[in-house]
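# Overview (structure and organization)
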Amino acid sequence: MPAALGVPLRAARRREALRVLLLAAPWLVAVAVLVLRHQGTAIAVVALATALLATGLVLVLRLRPLDAAWAVRRLDERRDLEDSSDLLLADAARLGPLQRLQRERVEARLRERPADLRRPLPRRALTASLLGAAAVVAAALAWPTQLPTTAPAPRAGITAAGEATAVRLLSASVETTPPAYTGLPASQSPELSLRAPEGSRLRWSLRFEGEPEAVALALHDGTTLPLTREGEVWTGELTLAQSRLYRVQVQAARPGEPQPLHRLEATPDLPPEIRAIEPDRNLSLRSEGQRSWPLRFEARDDHGLGAARLVLTLAQGTGEQVTVSERTLPLRGEGDDKARSYVHALDLAAIGLAEGDDLIVRLEVADNRAPAPQWSRSASFILRWPAPLATETTGMEGLVQRALPAYFRSQRQIILDIEALVPQRPALAPDDFTTRSDAIGVDQRILRLRYGQFLGEEDEPGPAAPPTGDHDDGHHEGDGHDHGGEPPAQATAPMGSGVNVLEDFGHTHDDAEAATLLDPQTRALLKQALDAMWQSEGELRQGQPERALPHAYRALEFVKLAQQATRIYLARTGLELPPVDETRRLTGKREGIASRRDGLVPAEDPSATVRTLWQALGEPGAEIDLAPFEQWLRGREQATDLELAQALEAVRSDPACAACREQLRTRLWPLLPPARPRPEAREAADAEGEAWLRALDETESQP
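The sections below set out a description of the structure shown in this document. (Residues numbered from 1 in each chain as written. Predicted model: local features only at pLDDT ≥ 70, side-chain atom pairs only at ≥ 80, totals over all residues. Heavy atoms only, no water.)

Before going further, it helps to spend a moment on the overall build of the chain. Across its full length, the chain holds 16 helices and 20 strands. Burial analysis of the chain (703 residues in total) assigns 31% to the buried set. Across the chain, the fraction of contacts at a sequence separation of at least 24, relative to all contacts at a separation of at least 6, is 66%. Split by element, the accessible area of the chain, about 46500 Å² in all, is 54% carbon and sulfur. (Helix = DSSP H or I, 4+ residues; strand = E, 2+ residues; numbered from the N terminus. Buried < 20%, exposed > 50% of the residue type's maximum accessible area, 1.4 Å probe, protein only. Contact = heavy atoms within 4.5 Å. Areas by Shrake-Rupley, 256 points an atom, 1.4 Å probe, with all protein chains shown as cover.)

Looking now at the sheet that holds strand β3 (residues 194–197). Reading across from one edge, β3-β10-β9-β5-β6 is the order of the 5 strands in this open sheet, with mixed pairing throughout. This sheet does not close on itself; its edge strands, each paired only once, are β3 and β6 (224–226). Strand-to-strand twist of the sheet, defined as the mean angle between neighbouring strand axes without regard to direction, takes the value 30°. Bridging between β3 and strand β10 (residues 262–267) involves 4 bridges; their strand directions are parallel. (Pairing = 2+ DSSP bridges. Axes fitted to C-alpha atoms, helices over the stretch in contact; angles between N-to-C directions.)

On to the packing of aromatic side chains. Scanning all chains against the criterion turns up 3 aromatic pairs. Ring centres of tryptophan 614 and tryptophan 669 lie 5.6 Å apart, and the angle between their planes is 40°; this geometry places the pair in the tilted category. Within this pair, whereas tryptophan 614 is found in helix α12 (residues 608–617), its partner tryptophan 669 is found in the loop between α15 (658–668) and α16 (687–701), the two being separated by 55 residues in sequence. Just above the ring of tryptophan 375 sits the side chain of arginine 309; from NZ or CZ to the centre is 4.0 Å. A cation sits over an aromatic face here: arginine 665 above tryptophan 614, 3.8 Å from the ring centre. (Phe/Tyr/Trp six-rings, centres within 6.5 Å; stacked < 30°, edge-to-face > 60°. Lys NZ or Arg CZ within 6 Å of the ring centre and 35° of its normal.)

Attention shifts here to the packing of helix α13 (residues 627–634) against helix α14 (residues 641–653). With their axes 12 Å apart at the nearest point, α13 and α14 run at an angle of 160° to one another. When the axes of α13 and α14 are compared, the pair comes out roughly antiparallel. Taken as a pair, α13 and α14 cross one another with a handedness that is left-handed. Only Asp641, Leu644, Ala645, Leu648 and Arg652 of α14 make contact with α13, whose side of the interface consists of Phe629, Glu630 and Leu633. (Parallel < 35°, antiparallel > 145°, perpendicular 65-115°, else oblique. Left-handed = near helix turned anticlockwise from the far one by under 90°.)

What follows deals with unusual backbone geometry. Here the bond from glutamate 278 into proline 279 is cis, since omega is 5°, no more than 30 degrees from zero. Note on placement: proline 279 falls in the loop between β11 (273–278) and β12 (283–285). The amide bond that connects alanine 370 to the next residue, proline 371, takes the cis arrangement and shows omega of 5°. Assignment of secondary structure puts proline 371 in the loop between β18 (358–367) and β19 (375–377).

All right, on to the sheet that holds strand β4 (residues 200–209) then. Taking strand neighbours across the sheet as the criterion, the 5 strands line up as β2-β1-β4-β8-β7 in an open arrangement whose pairing is antiparallel. Each having just a single partner strand, β2 (187–189) and β7 (228–230) make up the two edges of the open sheet. Direction aside, neighbouring strands of the sheet carry axes that sit 25° apart on average. Relative to β2, strand β1 (residues 168–177) is paired through 3 bridges, and the arrangement is antiparallel. Across the sheet, threonine 176 pairs through a bridge with serine 187, a residue of β2.

Let us now look at α12. For α12, the full list of buried residues reads Val610, Leu613, Ala616 and Leu617. Take α12 and look down its axis: the buried residues cluster within an arc of 130°, on one side only. (Arc of directions from axis to C-beta.)

Let us now look at the environment of serine 171. Counting through the fold element by element, serine 171 comes out in strand β1. Serine 171 sits in the partly exposed class, given a relative accessible area of 32%. Remark: the alpha-carbon pair of serine 171 and valine 233, spanning 62 residues in sequence, is separated by 9.6 Å. For serine 171, the residues in contact, after removing those within four places along its chain, are Ser205, Leu206 and Arg207.

In this section: helix α11 (residues 545–563). Side chains three or four residues apart in an α-helix point the same way, a direct result of the helix having 3.6 residues per turn. Here α11 is 19 residues long and its end C-alpha atoms lie 26 Å apart, about the 27 Å a rise of 1.5 Å per residue gives. Taken together, the buried positions of α11 are occupied by Pro545, Ala548, Leu549, His551, Ala552, Ala555, Leu556, Phe558, Val559 and Ala562. Contacts from the buried residues of α11 go to α7 (410–421), α8 (430–453) and α10 (520–541). (Expected span 1.5 Å × (residues − 1).)

See the structure below:
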């Protein structure tokens, strides 16, 4: 940096540092005097060091912007330098002839008239700072200090007259030691209400003013934890198995004010969370030539993950010949203790997957909870190797029935036709567009009628469909209906000749055999598909393919679900009977066996206690018996009952408190069972109704 620029820059930085020190010096003195006067020398030294540190930080922040770029900007404000001050910072070897000439002119002008970049001292601000600090110093010197008393303090718990003082809690400390498997450090809190992991070890340390005879922790479930005295400290330990409410009970000659309720919230250890990355669907079909099945899962836990295993279930065979085998593979994840990724590729040949088989996998992950870990199980994912389509052989026509033939996939072609037609609306004439939409609607109708065969539905009258190898869709001459022609010759057959009259004089629309080929679940899916096809057909026939497209998609979705319903894997469970007590066999002992001659015993209503208390709280001034409800509440182990226990304690402390009674009544409302509707009595008949009833009786009595 040339001297023409460096000298004024250093002068400007020194001036800025002087400004900051002059403004801060009076307040440093004021802080030192104030703290020294009222807090002592040690605290005054700490306060002065803190103030100096803050002043140094402000000084650094004020000097940081004052660099060479700032000096160039200030120099460019002078008109005689012609905005060429930045040439002073450039490398002279890289400047052109004209630039070097301009730089020499700038340096010459700065030598003739040196630049002054210093900011003027703020006189008004310095005066105000000095006066404000002087006022603080004067107030600190004038304010009287607290002189320590030299009189000896009386012994704790005994006044000067020898009377016992009331016991008062001076300090409290609760040390929390979480279970070792959580990896959380121990902590200490001065609050009596806290939240800790489930299973933590809590240790109380309480100090009192006075001499209590005994101290205990009274829990809301009726149990008591007595504290032991160690010098002047009362201590006790408790394992936090569940959330609790408690209060400190003090037994003394002159007890003080009753202690309020305190809350201990146990944070439960959550089971691991499993997320499947691959495969991304529950049912996958094996592709041609596929030899492996890649799997990828992610698991997380709040404290740490443990073992992981992959459960493989292979279902082989069809019908009643299905065999199920299961095996387990241990997995090692990648990642830290709380989040891991599990990647594995299954060899389908080694597992033994063949055509028509299903391979079901699921991941099971445990956490590191002690003594018993928690296991989480992912959803089941199925890899299906589709069975080969059944083929008809000579002489077997009519014996082999395909429940889901190949032309079920034509619904997808209808969707493609609709999507291709919709963008062409602006380019086509309205009549042509409607005609093409109606043609797609006819295809939709033909497909719907084909599906109807498998549900035993009736064909619809109308023009015959194109020849597709299926049955005709409408009526025609010779179908056996009464169309005005002569009946067929079979109608003259004698009675009892075994002729099917329905087949001779008509034709059946419902195929009873086809109606029983599918299970009820598949029939329900196909019925929903038919309903969606019907709506799609109606919109297409009206020339509205845009409105038909959602219904066509919905029909395709139901068809795909029906295709996948060929096999459903269910875990097989056997009959689990209680074990037989061999020691009681042939002994004749009947203890614990109910007699068959005993009548039915009325069931107890578990909500009767809650209902009784809720009704009593609604009556102002009524006496309340809380003992039955307290016993009922102790049998419940839910964290949400802490709010209820707290409201119950408020009513016990002040039974006349209307707000406390209403709050408890509000807490009881969710515990009441829903009201059961009762039949209402029929209204009595009026005069006209009575006359009408009498007229009916007279009519019935007449012969």
